[in-house]
Amino acid sequence: MSVTATTAAATTATADRAVCAPLPVLGRDVTVPLVTGGDVTYAALDYAASAPALQRVWDDVAAYAPYYGSVHRGAGYLSQLSTDLFENARRTVAEFLDCRPADQVVFTRSTTDSLNLLARALPAGCQVFVFETEHHASLLPWRDARVTFLDAPRTPRQAVETLERALADRDPHGPALVCVTGASNVTGELWPVRELAAAAHAHGARFVLDAAQLAPHHPVSVRELDVDWVAFSGHKLYAPFGSGVLAGRADWLTAADPYLAGGGASRKVTRREDGGVAVEWHESAARHEAGSPNVIGAYSIASACKALTEAGFETLVARERQLIDTVRAGLAEVPEVRILSLFGDDAPRVGVISFVVEGWNSSHFAAALSAEYGIGVRDGLFCAHLLVRTLLGADPGTQGECGAPEAAPGEKSLNAIRVSFGAGTPDEHVERFVRAVRELVRDGAKWRYRTEDGRCVPAV
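Residues numbered from 1 in each chain as written. Predicted model: local features only at pLDDT ≥ 70, side-chain atom pairs only at ≥ 80, totals over all residues. Heavy atoms only, no water.

Engineer: Can you break down the overall build of the chain residue by residue, with the values?
Structural biologist: Within the chain, the regular secondary structure consists of 14 helices and 19 strands. Here the C-alpha atoms of the chain give a radius of gyration of 24 Å, agreeing with the 23 Å that 2.2 N^0.38 yields for 460 residues. Projected onto the principal axes, the alpha-carbon positions of the chain cover approximately 80 × 55 × 55 Å. Within the chain, buried positions represent 53% of all 460 residues. Across the chain, every contact between residues at least 6 apart in sequence was considered, and the portion connecting residues at least 24 apart equals 70%. Accessible surface computed for the chain: about 20,100 Å², of which carbon and sulfur atoms make up 52%. Here the chain contributes 43 positively and 55 negatively charged side chains, and the mean placements of these two sets differ by 3 Å. (Helix = DSSP H or I, 4+ residues; strand = E, 2+ residues; numbered from the N terminus. Rg over C-alpha atoms; globule rule 2.2 N^0.38 Å. Buried < 20%, exposed > 50% of the residue type's maximum accessible area, 1.4 Å probe, protein only. Contact = heavy atoms within 4.5 Å. Areas by Shrake-Rupley, 256 points an atom, 1.4 Å probe, with all protein chains shown as cover. Lys, Arg positive; Asp, Glu negative; His and termini not counted. Charge placed at Lys NZ, Arg CZ, Asp CG, Glu CD.)

Structure below.
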């Protein structure tokens, strides 16, 4: 390549980086101490657990906070303002998800709460179909239904075929629901949501999308994907304060008893002649939002939805692909590292990558990344025990926990290491991570570590 061409390429790359700069997030300048001495800017690479709050979201919440008032219950100015803000947040989320006109947006505490709410609203005799690859939030809520657990597929096409076979064997006259993740919280791989939803509908079943890992990274359109419900969490969408969303069809939700009984869910309460109490419940989203709602949490989700929309998912996705390529290419250069995958290296994915390192206990490796390099990752089974065991080639019934086991540094463990990132991740953080992995595998840890309360920590 000529000098001119090289310069032009460098200029283009610089321009691309400028256009695709990370979004400002809280904590980007936080420094942490290293056991080896000194300190370093913290590299938060655990977005799949909780993403840092966008600065834009924090600023919006701070501007509103002095005007906070209890919603739906007051005639005063602040109550009216807060009610408008709360209901406008509902509309903003509906627009973000491209909901249908009749869809409801219910504010919950999290994805887990959303799916448990839907589980409570299932009609009698409903059969639920769920892959063993799901996060526990979408694997476990269906305890009162007939559940069919599907084996982990090895290709997107196999996922669709597995679901179609299972649905073909069900009672065609009873209600059915399929629950599928949009992007794996373990491998980051994207699932064929549109095709799976089409298969469900072709067999008379409904479909709920667990978008906890998808919505922060890719646009989610209820209409285009043709799903019946979507669930996601604010804390993974760069919004703090413990709020989530369940959005979609209203009929099952309206027909079900309120998720929680109390004020806000009730429209009218009277005494009956027999001395009891008669209750008329709301038929709107308020039916499942009893109690004083988390107004700031709902507002923070709406603010994050606006910020991501304005930043442009096309730009965000393009930049994240660069980060994914950097991490995967760097890990591929270390023979001792094995990246976990269901669908293979060419599968489209979000910024979530799990791996194991030969000769290392996963908790030990994660502890060394933190203590010696200021890098925060996650180790364990990621609340997806069945999937991680499948990927590690272990018996699905093997004992294990979400955290580290009682294994000494260097001992083999039935766990993995997960690095995850997103719209707020600087290039330097992933570059430092790749360098740290290479150095730890080549040179070993610089510090001694011990197991304490199931965690690997630096020995003092």
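Let's pick the thread back up.
Engineer: Go over the layout of surface pockets with me, naming the residues and quoting the values.
Structural biologist: What the largest pocket holds in volume is close to 340 Å³. Forming the boundary of the largest pocket are 25 residues, of which A49, V377, R378, D379 and R455 lie nearest the centre. Looking at the lining of the largest pocket, the elements with two or more residues in it are α12 (362–373), β15 (375–376), β16 (378–380) and β19 (455–458). With five residues, the top contributor of residues to the lining of the largest pocket is α12. Taken together, the residues of the lining of the largest pocket break down into 13 nonpolar, seven polar and five charged. (1 Å grid on protein atoms, 1.4 Å probe; cavity = no way out; pocket = protein on both sides within 12 Å on 5 of 7 lines; lining within 4 Å. Points joined across faces, edges and corners; volume = space filled by probe spheres on them. Nonpolar A, V, L, I, M, F, W, Y, C, P; charged D, E, K, R; others polar.)

Engineer: Outline the sheet that holds strand β8 (residues 206–210), listing residues and values.
Structural biologist: Ordered by their spatial adjacency, seven strands build an open sheet running β4-β10-β9-β8-β7-β5-β6, and the pairing between neighbours is mixed. Sheet topology places β4 (104–108) and β6 (146–150) at the edges, where each strand pairs with a single neighbour. Taking each pair of neighbouring strands and ignoring which way they run, the sheet shows an average axis angle of 20 degrees. The pairing of strand β9 (residues 229–233) with strand β10 (residues 244–248) spans five bridges and is classified as antiparallel. Across the sheet, F232 pairs through a bridge with V245, a residue of β10. Against the sheet, helix α3 (residues 77–96) touches β4, β9 and β10, its axis set at about 115 degrees to β4. (Pairing = 2+ DSSP bridges. Axes fitted to C-alpha atoms, helices over the stretch in contact; angles between N-to-C directions.)

Engineer: Which residues make up the confidence of the model for the chain, and what values do they have?
Structural biologist: Detailed reading of the predicted model is not advised wherever pLDDT is low. With 92% of its residues at a pLDDT of at least 70, the chain reaches an overall mean of 92. The low-confidence segment residues 1–18, where pLDDT is below 50, has three contacts with residues more than four positions distant or belonging to other chains. (pLDDT = per-residue confidence, 0-100.)

Engineer: Tell me what's going on with the nonpolar core, and back it up with residues and numbers.
Structural biologist: A general trend in soluble globular proteins is that nonpolar side chains are found buried together. Counting residues in each nonpolar core, the largest one holds 83 residues, and the members touching the most others are L97, F207, L209 and F232. Among the elements that line this core, the one with the most residues is helix α10 (residues 295–311), at nine residues. The residues contacting L209, other than those within four sequence positions of it, are V180, T181, G182, V193, L214, V220, L225, V227, W229, V230 and A231. If you look at the next biggest cluster of nonpolar residues, it comprises 33 residues, including V337, F355, V430 and C456. (Core = buried A, V, L, I, M, F, W, Y, C linked by side-chain atoms within 4.5 Å.)

Engineer: Tell me about the pairing of β19, residues and numbers included.
Structural biologist: Pairing between strand β18 (residues 449–452) and β19: four bridges, direction antiparallel. Residue pairing for β19: E452 is matched across the bridge by R455. Between β18 and β19, which follow one another and run antiparallel, lie two residues, and D453 among them has a positive phi close to 55 degrees.

Engineer: A description of the pattern of salt bridges should follow, citing residues and the corresponding values.
Structural biologist: Tallied over the full model, the rule gives 25 salt bridges. Among the ionic pairs, R438 bridges to E333, the shortest N-O distance being 3.5 Å. Of this pair, R438 sits in helix α14 (residues 427–443) while E333 is found in the loop between α11 (313–332) and β13 (337–339), placing the two residues 105 residues apart along the sequence. Take R438: its relative accessible area is 32%, and that puts it in the partly exposed class. With relative accessibility at 56%, the residue E333 sits in the exposed group. A single salt-bridge network, built from bridges that share partners, covers R206, D228, R249 and D251. (Salt bridge = Lys/Arg side-chain N within 4 Å of Asp/Glu carboxyl O.)

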